[in-house]
Amino acid sequence: MKTTLIRDYRDADARALDARILAHIGATRDEDAFDRLALEVYAYQFERNAPYRRYCERMGSEPSRASSWRDVPAVPAASFADVRLACFRPERTVVTFVSSGTTSAGASASRHELDATELYDASLLAQYRALVMPDVAALPHVFIAPRFSDAPRSSLSYMLSAIDERFGAPGGGFFVHEDALDFDGICAALSGVEPVAIFGTSFAFVHIADRCRSRRLQFLLAPGSRVVETGGFKGKSREVSRGDLYRTFEELFGVPPDYCISEYGMCELGSQWYDANLADVSAGRKSRRHVKFGPHWTRVLVVDPVTALPLPPGETGLLRIFDLSNRGSVAAILTGDLARECLGGIEILGRHPGAPPKGCSIAADAMLGSSGS
Amino acid sequence: MITLSAEGEARVAATEQFVSEWRDPQSWVRREARERLAGGLWSGPVIERAFDIVFSDRSDETPRIYVGNWFEQTREFARRALVILPGNVIGPALCAGYAVAVTGGSAILKAASTERIVAEIVARQFASIGEPLAGAIEARYWPGGDIAAEAAAMTDVDAVIAFGSDETVDAIRSRVPADKHFIGYGTRYSLGLVTAGADLATAAEAASFDVCLFDQAGCMSPQTIYVVGDASRALRFANALNAAMRKTSQRLPRVRPSHDEAAAANEVVRRSYVTALPANSHGLSPILAGPDNGGCPDYLIVVEPQGPPRTHGFGRIVVIMPLEMGLPPVLTQRFEQIGISVVDEELLFIEIFRALRGDAEKYEPHFAKLGSMHEWAGLPSTYDFIRHDGDRA
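Residues numbered from 1 in each chain as written. Chains lettered and ligands numbered in written order. Predicted model: local features only at pLDDT ≥ 70, side-chain atom pairs only at ≥ 80, totals over all residues. Heavy atoms only, no water.

Caption draft 1: Seen up close, the overall build of chain A. Each helix and strand counted, chain A has ten helices and 16 strands in total. When the 373 residues of chain A are sorted by exposure, 54% land in the buried category. Across chain A, contacts joining residues at least 24 apart in sequence account for 67% of those joining residues at least 6 apart. Carbon and sulfur atoms form 51% of the exposed surface of chain A, whose accessible area is close to 15,400 Å². (Helix = DSSP H or I, 4+ residues; strand = E, 2+ residues; numbered from the N terminus. Buried < 20%, exposed > 50% of the residue type's maximum accessible area, 1.4 Å probe, protein only. Contact = heavy atoms within 4.5 Å. Areas by Shrake-Rupley, 256 points an atom, 1.4 Å probe, with all protein chains shown as cover.)

Caption draft 2: Looking closely at the overall build of chain B. Looking only at helices and strands, one finds twelve helices and 14 strands in chain B. Taken across its 393 residues, chain B has 60% of its residues classed as buried. For chain B, restricting intrachain contacts to residue pairs at least 6 apart in sequence, the fraction spanning at least 24 positions comes to 78%. As displayed, chain B has an accessible area near 14,800 Å², and 52% of this comes from carbon and sulfur atoms.

Caption draft 3: Summary view of the nonpolar core. With 83 residues, the main nonpolar core has Trp 22, Leu 109, Phe 237 and Ile 320 of chain B as its most contacted residues. Of all the elements, helix α10 (residues 231-251) of chain B adds the most residues to this core, at nine residues. Of all hydrophobic cores here, the second largest spans 61 residues; its members include Tyr 52, Tyr 55 and Leu 338 of chain A together with Val 269 of chain B. (Core = buried A, V, L, I, M, F, W, Y, C linked by side-chain atoms within 4.5 Å.)

Caption draft 4: Representation of the pairing of strand β11 (residues 300-303) of chain B. All names here are of chain B. Where burial is concerned, the two faces of β11 agree: the one with Leu 300 and Val 302 and the one with Ile 301 and Val 303 are both buried. Here four bridges tie β11 to strand β12 (residues 317-323), and the two strands are oriented parallel to one another. In the sheet register, Leu 300 faces β12, and the bridge partner there is Ile 317. (Pairing = 2+ DSSP bridges.)

Caption draft 5: How the structure looks around the side chain of Ser 225 of chain A. All names here are of chain A. Its place among the elements puts Ser 225 in the loop between α7 (202-214) and β9 (226-230). Under the relative-accessibility criterion, Ser 225 is labelled buried at 3%. Within polar-contact distance, the side chain of Ser 225 engages the backbone nitrogen of Val 196 at 3.0 Å. Side-chain polar atoms of Ser 225 contact the backbone oxygen of Ala 222, separated by 2.7 Å. The residues contacting Ser 225, other than those within four sequence positions of it, are Pro 195, Val 196, Val 255 and Tyr 259. (Polar contact = N/O pair within 3.5 Å; in protein donor to acceptor, adjacent residues only side chain to side chain.)

Caption draft 6: Quick look at the packing of aromatic side chains. For the structure shown, the criterion picks out 27 aromatic pairs over all chains. Above the face of the Tyr 141 of chain B ring, Arg 116 of chain B is positioned so that its terminal group lies 3.8 Å from the ring centre. (Phe/Tyr/Trp six-rings, centres within 6.5 Å; stacked < 30°, edge-to-face > 60°. Lys NZ or Arg CZ within 6 Å of the ring centre and 35° of its normal.)

Caption draft 7: Representation of empty space enclosed by the protein within the structure. Residues and elements named next belong to chain A. The final tally for this structure, using the stated rule, is six cavities of 30 Å³ or more. Surrounding the largest cavity, 13 residues form its lining, Leu 114, Ala 116, Ser 325, Arg 327 and Gly 328 being those nearest its centre. When residues of the lining of the largest cavity are traced back to their parent elements, those giving at least two are β3 (111-114) and α4 (118-131). Ranked by residues supplied to the lining of the largest cavity, first place goes to β3 with three residues. For the lining of the largest cavity, the class distribution of residues is four nonpolar, five polar and four charged. (1 Å grid on protein atoms, 1.4 Å probe; cavity = no way out; pocket = protein on both sides within 12 Å on 5 of 7 lines; lining within 4 Å. Points joined across faces, edges and corners; volume = space filled by probe spheres on them. Nonpolar A, V, L, I, M, F, W, Y, C, P; charged D, E, K, R; others polar.)

Caption draft 8: A look at the sheet that holds strand β5 (residues 181-185) of chain B. All names here are of chain B. Spatially, the five strands line up as an open sheet ordered β3-β2-β1-β4-β5, and their pairing is parallel. Taken across any chain shown, the strands that pair with only one partner, and hence form the sheet edges, are β3 (137-140) and β5. The average angle at which neighbouring strand axes cross in this sheet is 15°, direction not considered. Note: strand β1 (residues 80-84) against strand β2 (residues 106-110), five bridges, orientation parallel. (Axes fitted to C-alpha atoms, helices over the stretch in contact; angles between N-to-C directions.)

Caption draft 9: Representation of the layout of surface pockets in the model. Residue and element names in this part refer to chain A. The calculated volume of the second largest pocket comes to roughly 550 Å³. Of all the elements, strand β13 (residues 298-303) adds the most residues to the lining of the second largest pocket, at four residues. When the residues that make up the lining of the second largest pocket are grouped by side-chain class, the tally is 13 nonpolar, six polar and ten charged.

Caption draft 10: Inspection of the packing of helix α1 (residues 6-23) of chain B against helix α4 (residues 62-74) of chain B at higher detail. All names here are of chain B. Running from N to C, α1 and α4 cross one another at 135°; their axes reach a closest spacing of 9 Å. One element, α1, and the other, α4, form an angle in the oblique class. When you trace α1 past α4, the crossing you get is right-handed. On the side of α1, the interface is formed by Glu 7, Gly 8, Glu 9, Arg 11, Val 12, Thr 15 and Glu 16, while α4 contributes Pro 63, Arg 64, Val 67, Phe 71 and Glu 72. Taken together, the residues of the contact of α1 with α4 break down into four nonpolar, two polar and six charged. (Parallel < 35°, antiparallel > 145°, perpendicular 65-115°, else oblique. Left-handed = near helix turned anticlockwise from the far one by under 90°.)

Caption draft 11: Examining helix α11 (residues 259-275) of chain B more closely. Look at α11 of chain B: 24 Å from first C-alpha to last across 17 residues, which is about the 24 Å you get at 1.5 Å a residue. Counting buried residues along α11 of chain B, 15 of its 17 residues qualify, which places the element largely inside the surrounding structure. (Expected span 1.5 Å × (residues − 1).)

Caption draft 12: Representation of unusual backbone geometry within the structure. Cis peptide bonds are those with omega within 30 degrees of zero, and the linkage from Glu 131 of chain B to Pro 132 of chain B qualifies with 5°. With respect to the secondary-structure elements, Pro 132 of chain B resides in the loop between α6 (117-129) and β3. The backbone phi angle of Glu 178 of chain A is positive, close to 50°, even though this residue is not glycine. Among the secondary structure elements, Glu 178 of chain A is positioned in the loop between β6 (176-177) and β7 (180-181). On the basis of relative accessible area, Glu 178 of chain A is assigned to the exposed category, the value being 78%. For Phe 214 of chain B, which is not glycine, the phi dihedral falls at a positive 60°. Inspection of the secondary structure puts Phe 214 of chain B in the loop between α9 (200-212) and β7 (222-228).

Caption draft 13: Representation of the pairing of β1 of chain B. Residues and elements named next belong to chain B. Judged by how many residues are buried, β1 sits mostly within the fold: five of five residues are covered. Taking every second residue as pointing to the same face, both faces of β1 are buried, with Arg 80, Leu 82 and Ile 84 on one and Ala 81 and Val 83 on the other. Viewed along the sheet, the connection from β1 through helix α5 (residues 91-103) into β2 turns out right-handed. Relative to strand β4 (residues 159-163), β1 runs parallel, the two being bridged by four bridges. Looking at β4, one finds that Leu 82 is bridged to Val 160. (Right-handed = clockwise from strand over helix to strand, strands pointing away.)

Caption draft 14: Quick look at helix α2 (residues 31-48) of chain A. All names here are of chain A. Its 18 residues place the ends of α2 26 Å apart at the C-alpha level, agreeing with the 26 Å of an ideal helix rising 1.5 Å per residue. The inward-facing, buried residues of α2 abut α1 (12-26), α3 (50-58), β13 and β14 (317-323). By the N-cap criterion, in which a side-chain oxygen at the helix start approaches the backbone nitrogen of a residue two or three places on, α2 is capped by Asp 30, the distance to Asp 32 being 3.1 Å.

By themselves these figures say nothing about function.
This is how it looks when you write it as structure tokens:
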């Protein structure tokens, strides 16, 4: 059970605001309603989140001068590693998500604190249903990740545990225990005759593929099975292209590309973005592969990496997000990820290269850059 | 006067020529380096200053002393080493040359993709100087990912000396054959410390030179400067550093940053809006930015509350923090060096380092006066080119 130890320490204002956001999540897309709520959330966060207020003031912004979510200053996602960005006192924190982060000297991991999980749950579950489970109510889920109780700082494990509670069915489970892959358990879970959903990190799938190939194993999963992969290869010694990864899904699991979905999310955000292809196929539309859609309680802008100003549609820049489900921290976030608007959604193009390597590290990093070792 | 063998005397003369040519702005090595490095990572004045000071810690007597201590005593233990050079500073190629000269060792200098010039000049300089240095340095370059070229070079040496991030150094270490010795210089940063009795303007002027050299990308650049005292003193130092940076940047200009570097610098500016001290508490700005250079500030000074050092490592970005006694220690990991503005009484040092050090057991302070820090700490060291008891090779 995921939620038994999660408590709710919201005050009356937070509860009331969450109730309005939940109502918005339950309704259909409405631009005016979104803007009203976004400005309400901005005012709430400006008042209660001192570091964020300082940021806004230095950016020359305050709620009385904002007329749209676009006017709300977006804080760098990396700032979650610099200071505590929360609208409540530390004793009201019920869960803290910590990013896998970078290991560079002097850098620390992002921390995202929640005073309740109701909004977070509602957001992640509604979006998962819309983009990953548009055609079925439940499936056995094979999670290539630890359960939340085994990784209580992982936002991914929290999300997967919530998904398991709502959309899981007998036959699935979590197959990473104490950082070790339960390969035999995965093989058993994939040997049934019913469709399944497999959800894991890109790098975990590479490991599974290696083992399957070394044992000459293949699984012909039942039609309707789907694969959801998330995360890149940051800090890993080996990278595999997305095309190769999706060919592997088809080769090893028998899952066609339209049933393979990439998720985009981060520790600092309550909402997630998923590829549109499965939802498109289910709705009888032309499949838009690798085009991601967020929920209607979020908005995105692609901005110039140098100026942070919006770019014309189709140009590549940094992804800036406004997410109402981030009521307790900061709703407007400037990510370090490159993206471009595409077919009504966004295409994620990887991390912005950022600063040059530092501390006498250019030479060998450049040498290793394409080593594949 | 140290008496040396004839071989030792020849080696001293050759080493002195090697050093003097790099010290002389009109020498052929300096002229060629100046011309070929132009338009690269650093401005002309920054390159000149780097060459001016690379051997500034070595007196005229130093080659004789080093040859006496190393070549004459340990020549049979001298190594042939593969040195995998960094690309963001230019000192290690010269320090490797110096070490080879005074030990009687030899080296393959593997240049970085971003700076392939100096190693190649050093190799030709050794040939030009002639015996006993001729042929002792070989410059090689291979592009990223060419593990076969790396392996071939490794078979030809006793030891591998690598510069890089901790992760990269570990990766290279894993590829070094078991019978070869390995020396890794991983991620390294430096700090500054302005003591209680320091004159802020003097300390700021000295610090500005260290910030401008290699644009904070070198491991000897002071990433965070602690100012003993309260926040108001840190703010006053920051404002003094701002004034000094405006002047020093004229003498040591920064090249126009790349688009990616400008984006990264502006990200740091935005993050500083969250991390900097509140602006209204002392009447002095905690965020001080230089004039625009390629879409980002030419330099950035941010005053933050006392805490662990922040190490951006590029773009002339300096973090200033107050250092008040009685608060939790701020250092939890090893840092390369601390440049100190003014040497006060010993007891004060003890107090300061108690405040700084905390549980950083590996921390080994290297005292120097801010503004005269050894810009690359003389790495690789002479010691690296001598086999020792316990070596694998």
